[in-house]
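Architecture at a glance
Listed below, chain by chain, are the residues.
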Amino acid sequence: MVRRDEPADPVATALRDVARDDAAELAAVHVAAWQAAYRGLMPDRFLNGITVERWEERWAARLAGESLPPVRVAVRAGAIVGFCTVSTPSRDVDVGDGVAELVALNVAPGAWRSGVGTALMTDALARFRRDGWRVATLWVVEGNARAQAFYRRHGFVGDGAAMTHAPSGATELRMRRSLAAVGE
Ligand SMILES: CC(C)(COP(=O)(O)OP(=O)(O)OC[C@H]1O[C@@H](n2cnc3c(N)ncnc32)[C@H](O)[C@@H]1OP(=O)(O)O)[C@@H](O)C(=O)NCCC(=O)NCCS
């Protein structure tokens, strides 16, 4: 029983579609996640150059379009703590039909390992299934062991494809999973 003088569950995570005025909060999460996750995997010059101000401008431009981009955000205690962007179909031309892509999944470092990524992933996979997609893919930076472990836990395996992330020079590896399989 929750008593009236007790705060609501402090880690309750709500998911919603992105809103027009989310740019500042999204940029803060995005830059913090990249600078924490990619130190040592991408050049310092690149990482130090990605500022919240610049990425807020990029987000604001994306959120100013006629229709909002396919982004879901995770909110805790009124603040955005993570987001997930998808592409349906996948942006890749070599994957065939019925393939959806998780384009970006980022959680604020202070909230890592507390279930936010899983909430966003579960939501994305459920929506892909609901919309009839057969397979989900994503690209992960080589050496990003944290993310690779997370994705393996969610049923993704490497499919052998690799490419260079042009802005940073990092190698990205593709992972995929069936959306028909039981469990995630
Ligand atoms: C990868 C990321 C999205 C995971 O999100 P998260 O909210 O920390 O993940 P969760 O708390 O839901 O973790 C779920 C499971 O993933 C695995 N996992 C998460 N972090 C892990 C780590 N550091 N090492 C090993 N496994 C890990 C675990 O199996 C974990 O379950 P457990 O805690 O019960 O053992 C998050 O760390 C992140 O935003 N990283 C920076 C950006 C990034 O690399 N994004 C991926 C781009 S491709």
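This text goes with the structure placed above it.
So, a few notes on the structure that sits alongside this text. (Residues numbered from 1 in each chain as written. Predicted model: local features only at pLDDT ≥ 70, side-chain atom pairs only at ≥ 80, totals over all residues.)

When you go through the protein residue by residue, the secondary structure sums to five helices and seven strands. In sequence order, the secondary structure elements of the protein are arranged as β-α-α-α-β-β-β-α-β-α-β-β. For the protein, whose C-alpha radius of gyration is 17 Å, the value lies close to the compact-globule estimate of 16 Å for 184 residues. Considered along the principal axes of its C-alpha atoms, the protein spans approximately 55 × 45 × 35 Å. Burial analysis of the protein (184 residues in total) assigns 26% to the buried set. A fraction of 67% describes how many contacts in the protein between residues 6 or more apart in sequence connect residues 24 or more apart. (Helix = DSSP H or I, 4+ residues; strand = E, 2+ residues; numbered from the N terminus. Rg over C-alpha atoms; globule rule 2.2 N^0.38 Å. Buried ≥ 20, exposed ≤ 12 C-beta atoms within 10 Å, placed from the backbone. Contact = placed C-beta atoms within 7 Å.)

A few words on the sheet that holds strand 6 (residues 157-165). One open sheet holds the seven strands; their spatial order is 1-2-3-4-5-7-6, and the pairing between them is mixed. Edge positions in the open sheet fall to strand 1 (14-17) and strand 6, since each of these has one partner strand only. Going across the sheet, the axis of each strand differs from the next one's by a mean of 30 degrees, ignoring polarity. The pairing of strand 2 (residues 71-76) with strand 3 (residues 79-87) spans six bridges and is classified as antiparallel. Following the sheet pairing, Ala 74 is matched in strand 3 by Gly 82. (Pairing = 2+ DSSP bridges. Axes fitted to C-alpha atoms, helices over the stretch in contact; angles between N-to-C directions.)

Now for the environment of Trp 55. Structurally, Trp 55 is set in helix 3 (residues 52-62). Its 19 C-beta neighbours within 10 Å are what place Trp 55 among the partly exposed residues. On a C-alpha basis, the gap between Trp 55 and Asp 97 in space is 32 Å, while along the polypeptide they are 42 residues apart. Setting aside its immediate chain neighbours within four residues, Trp 55 contacts Ala 27, His 30, Val 31 and Ile 50.

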